[in-house]
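If you want the building blocks of each chain, they are given just below.
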Amino acid sequence: MASQMLAEERRGRVLEFVRLRGFASLPELASELRVSESTVRRDLDYLEETGVTRRTHGGAFYTGPSPKLAHFDVRQSVEWDKKRLIAAAVGKLIEDGDTVLLDGGSTTYELARVLVDKPLQVVTNSLPVAMLFSARENVDLVLVGGYVHSRSGVSLGPYAVEMLSKLNVRRAVLSVAGINEYGYYNSNLLLVETERGMMKTADEVIVVADSTKFGRTSLARLCDLGEVNIVVTDSDIGQQWRTRLTEAGVRLVLAGADDCGEGSPDKNHPS
């Protein structure tokens, strides 16, 4: 029993060390815990099985639950299984070497966890997302600056938009609070302004939203339905919305349904 308690305590310390840094090497962990690297490897194998870390050559990355910000605490239990399916589906659309822009939504954070092993150029306005990629040797990371929203840990507003105007990405992945026949919505005016800047800098715009977001609105409208290229949602979306999106020229990807797409996959990003 004592040895079991010791192992659990040690794994807890390993996890906390990796979580705080985003990445930790085997020598760092062995030195911090005063144990052998072989013991650390066994602990990391165990933690990887639980999904909170991911092993890589010479160490491990943190891939555990979202950070303790109000934005994530409120949303973490809401449709989380659907969000993970959506993140996995979007991950299949992202190719090695892509330049990808990720906003600060809870679904895009799940996507960042999926992408943590890919060689990418990542642009983000999210501090939590940036932390996941910050120690990756095969990721070029650009953090967009500006006013930082304390509840979500994302930078917003005119400074962020100005920086975005000087960048170009292949794909931008945006989360929304609501979708109706008039378009996509979010709950913060500065966020919508920033996301419009993200859309302008992207060759392809992907919106991620679970099926509960359809038929809902929020404070500020982002854009029309047809102004994005791809919408990724779960298979609980109704037929009415499937038809409405495809008629607007949007490619629809249903997560968990063999990630099949409907609509036009080759639609150019609108000007």
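Keep in mind it's a predicted model, so treat the numbers as computed, not measured.

### Focus on the overall build of the chain
Phase 1 of the analysis: A count of helical and extended segments in the chain gives 10 helices and 16 strands.
Phase 2 of the analysis: Out of the 271 residues in the chain, the part that is buried amounts to 50%.
Phase 3 of the analysis: Residue pairs in contact within the chain that sit at least 24 positions apart in sequence constitute 58% of those at least 6 positions apart.
Phase 4 of the analysis: Carbon and sulfur atoms provide 49% of the accessible area of the chain, an area that totals close to 12,500 Å².

### Examining unusual backbone geometry
Phase 1 of the analysis: Residue Arg34 is not a glycine yet carries a positive backbone phi of 60°.
Phase 2 of the analysis: Mapped onto the elements of the fold, Arg34 is located in the loop between helix 2 (26–33) and helix 3 (37–50).
Phase 3 of the analysis: Taking the relative accessible area as the measure of exposure, Arg34 reaches 79% and is therefore exposed.

### Side note on the nonpolar core
Phase 1 of the analysis: Formed by 39 residues in total, the largest nonpolar core has its most connected members in Leu29, Leu44, Val90, Leu102, Phe133, Val173 and Val232.
Phase 2 of the analysis: In this structure Leu44 touches Val14, Leu26, Leu29, Thr53, Arg55, Gly59 and Ala60, once residues within four positions along its chain are discounted.
Phase 3 of the analysis: With 31 residues, the next largest nonpolar core counts Leu101, Ala172, Met198 and Leu254 among its residues.

### Considering the confidence of the model for the chain
Phase 1 of the analysis: Overall, the predicted model of the chain reaches an average pLDDT of 85, with 85% of residues at or above 70.
Phase 2 of the analysis: Ignoring residues within four places in sequence, the model shows residues 73–77, a span with pLDDT below 50, making seven contacts including any to other chains.
Phase 3 of the analysis: Low pLDDT, under 50, characterises residues 263–271; the predicted model gives this stretch 21 contacts beyond four residues in sequence or across chains.

### Digging into the pairing of strand 5 (residues 120–124)
Sheet faces and side chains relate simply in a regular strand, where the side chains alternate between the two faces.
Phase 1 of the analysis: Of all five residues in strand 5, four are buried; the element is thus mostly enclosed.
Phase 2 of the analysis: As judged from the four bridges shared by strand 4 (residues 99–102) and strand 5, these two strands associate in the parallel manner. Bridge pairing links Val100 to Val122 in strand 5.
Phase 3 of the analysis: Chirality of the crossover, the property in question, places the unit of strand 4, helix 6 (residues 106–115) and strand 5 among those that are right-handed.
Phase 4 of the analysis: As paired strands, strand 5 and strand 6 (residues 139–143) are joined by five bridges and run parallel to one another. Across the sheet, Leu120 pairs through a bridge with Val139, a residue of strand 6.

### Quick look at helix 9 (residues 189–201)
Phase 1 of the analysis: With 13 residues, helix 9 ought to run about 18 Å at 1.5 Å a step, and its terminal C-alpha atoms sit 19 Å apart, in line with that.
Phase 2 of the analysis: Every buried residue of helix 9 is listed here: Leu191, Val192, Thr194, Glu195, Gly197, Met198, Met199 and Thr201.
Phase 3 of the analysis: By the N-cap criterion, in which a side-chain oxygen at the helix start approaches the backbone nitrogen of a residue two or three places on, helix 9 is capped by Asn188, the distance to Leu190 being 2.8 Å.

### Looking at the pattern of salt bridges
Phase 1 of the analysis: This structure, assessed with the given rule, holds 17 salt bridges.
Phase 2 of the analysis: Among the salt bridges present, the one from Asp43 reaches Arg10, with a minimum N-O distance of 2.5 Å. Residue Asp43 is located in helix 3, and its partner Arg10 is located in helix 1 (residues 2–21); the two are separated by 33 residues in the primary sequence.
Phase 3 of the analysis: On the basis of relative accessible area, Asp43 is assigned to the buried category, the value being 1%.
Phase 4 of the analysis: Between Asp45 and Arg55 there is a salt bridge, with its nearest N and O atoms 2.8 Å apart. With Asp45 in helix 3 and Arg55 in strand 2 (residues 53–56), the pair connects residues that are 10 residues apart, well separated along the chain.

Conventions used here
Residues numbered from 1 in each chain as written. Predicted model: local features only at pLDDT ≥ 70, side-chain atom pairs only at ≥ 80, totals over all residues. Heavy atoms only, no water. Helix = DSSP H or I, 4+ residues; strand = E, 2+ residues; numbered from the N terminus. Buried < 20%, exposed > 50% of the residue type's maximum accessible area, 1.4 Å probe, protein only. Contact = heavy atoms within 4.5 Å. Areas by Shrake-Rupley, 256 points an atom, 1.4 Å probe, with all protein chains shown as cover. Core = buried A, V, L, I, M, F, W, Y, C linked by side-chain atoms within 4.5 Å. pLDDT = per-residue confidence, 0-100. Pairing = 2+ DSSP bridges. Right-handed = clockwise from strand over helix to strand, strands pointing away. Expected span 1.5 Å × (residues − 1). Polar contact = N/O pair within 3.5 Å; in protein donor to acceptor, adjacent residues only side chain to side chain. Salt bridge = Lys/Arg side-chain N within 4 Å of Asp/Glu carboxyl O.

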